[in-house]
Amino acid sequence: MNILILGYGKMGKIISEIAESRGHSIAAKINIDNRDELSALDPAKIDVAIEFSQPEAAIENIKWAIERGIPVVSGTTGWLSKKPEINRLTLEKNGAFFYASNFSIGVNVFFKVNEMLAKLMNETSGYQVSLEEIHHTEKKDAPSGTAITLAQGIIKNYQQLKEWHLTGEGKDSEHSLPITAKRIDPAPGTHIIRYSSPIDEIEITHTAHSRQGFALGAVLVSEWIPGKKGVLSMDDFLSF
Ligand SMILES: NC(=O)c1ccc[n+]([C@@H]2O[C@H](COP(=O)([O-])OP(=O)(O)OC[C@H]3O[C@@H](n4cnc5c(N)ncnc54)[C@H](O)[C@@H]3O)[C@@H](O)[C@H]2O)c1
Ligand SMILES: O=C(O)C1=N[C@H](C(=O)O)CCC1
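Given the structure is predicted, the values throughout are model-derived calculations rather than measurements.

1. Quick word on the packing of helix α1 (residues 10–21) against helix α6 (residues 212–224)
Axis separation between α1 and α6 bottoms out at 9 Å; the angle between their running directions is 60°. It follows from the interaxial angle that α1 and α6 lie oblique. Pair α1 / α6 crosses with right-handed handedness. On α6, the residues touching M11, I14, I15, I18 and A19 of α1 are Q212, F214, A215, L216, A218 and V219. The residue inventory of the contact of α1 with α6, partitioned by class, reads ten nonpolar, one polar and no charged.

Here you go:
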């Protein structure tokens, strides 16, 4: 496949290496300072664009590709309030847009475990629920996209909670899930969910040891997406 890399930072670099090691070629590696190279590309020769840039750049990158008929696999976090606009554009252009807050297969297993645990804990009383995420200090958004997906999985299954808030932002209530975001180098991504009571504590943790899992997941989805149409997610890609 011929892959366009939109956002050649920490993730874009690892994705390019993995893609090349799997026999794919890279049409271009686009960053904030070489966007003019986009105008020289022939969209018909690009099979998929992989977009890992920055919250404020994602929408422009994704629109550029969807408008040219290129399927997009995006992992950029922190821009999701604008996703409905991209969903509409994808359907209008009969394109393909795939988004995941986390492409790691292990994290997607963890998402399911989180939902199952919330369902079980919903039948109990006396527990305080909290979520903690730890990432490197270059991360631009908080809480992480993964933490937001985990919070949504808890809120959907645990009746007492109706919303989430970032700790320190003054929204404390028994109906709001507190998320603590810590920034400590070189953490690639750790997520912890705790149910605490005076009697005991239940805790589940996912720890990424590197960015390899995120990058490999994005390449695997890119290999799967050609020929697919519509607004797609990990639920379409995974069989569990
Ligand atoms: N979904 C996942 O599995 C997953 C995993 C890791 C990171 N992420 C997310 O991916 C994004 C990138 O992470 P990173 O660690 O590679 O960040 P990074 O800061 O290392 O790289 C971002 C790159 O985007 C480039 N960029 C900025 N504006 C651009 C524009 N207009 N056009 C093209 N490129 C532009 C920058 O030059 C930079 O090189 C973040 O939002 C992060 O949260 C998602
Ligand atoms: O390094 C990052 O930035 C990460 N971003 C994603 C998120 O916000 O959940 C995935 C984990 C790493």
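2. What to know about the site of ligand 1
Neighbouring ligand 1 are 27 residues, the closest being G9, K10, M11, A57 and G75. Of all the secondary structure elements, the ones that give two or more residues to the shell around ligand 1 are α1 and α2 (58–67). Broken down by element, the shell around ligand 1 gets its largest block of residues, three residues, from α1. Of the residues in the shell around ligand 1, the class split is ten nonpolar, 13 polar and four charged.

3. Observations concerning the sheet that holds strand β9 (residues 190–196)
With mixed pairing, five strands are arranged side by side in an open sheet as β7-β8-β6-β9-β10. Among the strands making up the open sheet, the edge pair consists of β7 (163–166) and β10 (201–207). Within the sheet, the average angular offset between the axes of one strand and its neighbour, ignoring direction, is 20°. The pairing of strand β6 (residues 128–135) with strand β8 (residues 176–183) spans five bridges and is parallel. Across the sheet, residue H135 finds its bridge partner in β8, namely R183. Relative to the sheet, helix α4 (residues 105–121) contacts β9 and β10, its axis offset from that of β10 by approximately 165°.

4. What to know about the sheet that holds strand β5 (residues 96–99)
Strands sit in the order β2-β1-β3-β4-β5-β11 across an open sheet of six strands; the sheet is parallel. Two strands bound the open sheet, and with one partner strand each, they are β2 (25–30) and β11 (230–232). Geometrically, the sheet is characterised by an average inter-axis angle of 15° between neighbouring strands, direction not taken into account.

5. Looking at the packing of α4 against helix α5 (residues 145–157)
Axis separation between α4 and α5 bottoms out at 8 Å; the angle between their running directions is 30°. The pairing of α4 with α5 is recorded here as roughly parallel in orientation. Taken as a pair, α4 and α5 cross one another with a handedness that is right-handed. In this structure, α4 uses V107, F111, N114, E115, A118 and K119 to contact α5, whose residues at the interface are T146, T149, L150, G153, I154 and N157. Counted by class, the contact of α4 with α5 contains five nonpolar, five polar and two charged residues.

Conventions we followed
- Residues numbered from 1 in each chain as written.
- Chains lettered and ligands numbered in written order.
- Predicted model: local features only at pLDDT ≥ 70, side-chain atom pairs only at ≥ 80, totals over all residues.
- Axes fitted to C-alpha atoms, helices over the stretch in contact; angles between N-to-C directions.
- Helix = DSSP H or I, 4+ residues; strand = E, 2+ residues; numbered from the N terminus.
- Parallel < 35°, antiparallel > 145°, perpendicular 65-115°, else oblique.
- Left-handed = near helix turned anticlockwise from the far one by under 90°.
- Contact = placed C-beta atoms within 7 Å.
- Nonpolar A, V, L, I, M, F, W, Y, C, P; charged D, E, K, R; others polar.
- Near = placed C-beta within 6 Å.
- Pairing = 2+ DSSP bridges.

In short, geometric facts, not functional conclusions.
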